[in-house]
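Listed here are the chains, written in short residue letters.
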Amino acid sequence: MSQVDETLLQQLRELDTPTVCNALEAVAPDRRGFGYTTEPLVCTRPELGSMVGFARTATIKAREPSQVRGADARQLSQGYYAYIDGGPKPSIVVIQDLDAESKGYGAFWGEVNSNIHFGLGCLGVITDGSVRDVPDAANGFQMLADRIGPSHAFVHVVGFGDKVDVAGMEVSDGDLIHSDQHGAVVIPIDAAGGVPAAAARIARVESVVIEASQQPGFDFEALKRAWGKQAEVH
């Protein structure tokens, strides 16, 4: 993780997620068709802007009670929170709901877990399950979820630290995640350093057409001239 320092994290926070996806097309073109969410997610606090952190992965179920009981259940629960506290920070928890057609049946995320995780250095959660207690979640904690629901039902952690698939995005433990109200994308660690510069160049190129389109008398001929000027941007 030494390739990603606080300076780079801050530069990435200044970008929105669609811009990061555009930049990745330049610095990691093989990622154009995957590595980002392809299914819609509800963002509970779009005003928080972008969050950037290292993935902690887990799976949950809520439709039926856990078959793990007693000391084994306590060990699983304690192991999960110890896992969240370990590794590089800031972190983002990416949780896959294994209840299939009943996903979102019960929310793992609400007032209590948002505060616990935020205290452990976690900026937010990305899940294809549900969340609740939206107004009472920890101040500054972001939640992107398949839905908002009222109950936690029988929700429990099934496992953690393994590869997950959430909203069409495959995530492994330690992946660098960029997320905002649009969704999320995995930034390959070895490509992360090139993202800010690529994003800046894309902005310069796009500004040529955007600025032209805002001028009085803009027409197709003006658009063609702007397209030609884009080729001169470096």
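Residues numbered from 1 in each chain as written. Predicted model: local features only at pLDDT ≥ 70, side-chain atom pairs only at ≥ 80, totals over all residues. Heavy atoms only, no water.

1. Observations regarding helix α2 (residues 17-27)
Next, step 1: Listed in full, the buried residues belonging to α2 are Thr17, Val20, Ala23 and Leu24. Buried residues of α2, seen end-on, are gathered within an arc of 110° and therefore sit on one face of the element.
Next, step 2: Those residues of α2 hidden inside the fold are in contact with β11 (176-180), β12 (183-187) and α5 (195-213). (Buried < 20%, exposed > 50% of the residue type's maximum accessible area, 1.4 Å probe, protein only. Helix = DSSP H or I, 4+ residues; strand = E, 2+ residues; numbered from the N terminus. Arc of directions from axis to C-beta. Contact = heavy atoms within 4.5 Å.)

2. Topic: the side chain of Arg56
Next, step 1: Relative to the elements of secondary structure, Arg56 occurs in strand β2 (residues 51-61).
Next, step 2: Of the side chains with opposite charge, Asp173 comes closest to the buried, unpaired Arg56, at an N-O distance of 5.3 Å.
Next, step 3: From its side chain, Arg56 meets the backbone oxygen of Ile84 in a polar contact 3.4 Å long.
Next, step 4: Aside from chain neighbours lying at most four places away, what touches Arg56 is Tyr83, Ile84, Gly86, Gly87, Pro88, Lys89, Ser91, Ile92, Val93, Val94 and Asp173. (Lys, Arg positive; Asp, Glu negative; His and termini not counted. Salt bridge = Lys/Arg side-chain N within 4 Å of Asp/Glu carboxyl O. Polar contact = N/O pair within 3.5 Å; in protein donor to acceptor, adjacent residues only side chain to side chain.)

3. Focus: the packing of aromatic side chains
Next, step 1: On inspection of all chains with the given rule, the structure shows 8 aromatic pairs.
Next, step 2: Ring geometry for Tyr80 against Phe160: centres 6.2 Å apart, planes inclined by 70°, an arrangement best described as edge-to-face. Residue Tyr80 is located in helix α3 (residues 70-85), and its partner Phe160 is located in strand β8 (residues 156-160); the two are separated by 80 residues in the primary sequence.
Next, step 3: Ring plane angle 80° and centroid distance 5.4 Å describe the contact between Phe108 and Trp109, whose orientation is recorded as edge-to-face. Grouping residues by exposure puts Phe108 and Trp109 together as buried.
Next, step 4: Clustering of aromatic rings is evident, with ring pairs tying together Tyr80, Tyr81, Tyr83, Phe108, Trp109, Phe118, Phe141 and Phe160. (Phe/Tyr/Trp six-rings, centres within 6.5 Å; stacked < 30°, edge-to-face > 60°.)

All we've got here are geometric facts, nothing functional implied.
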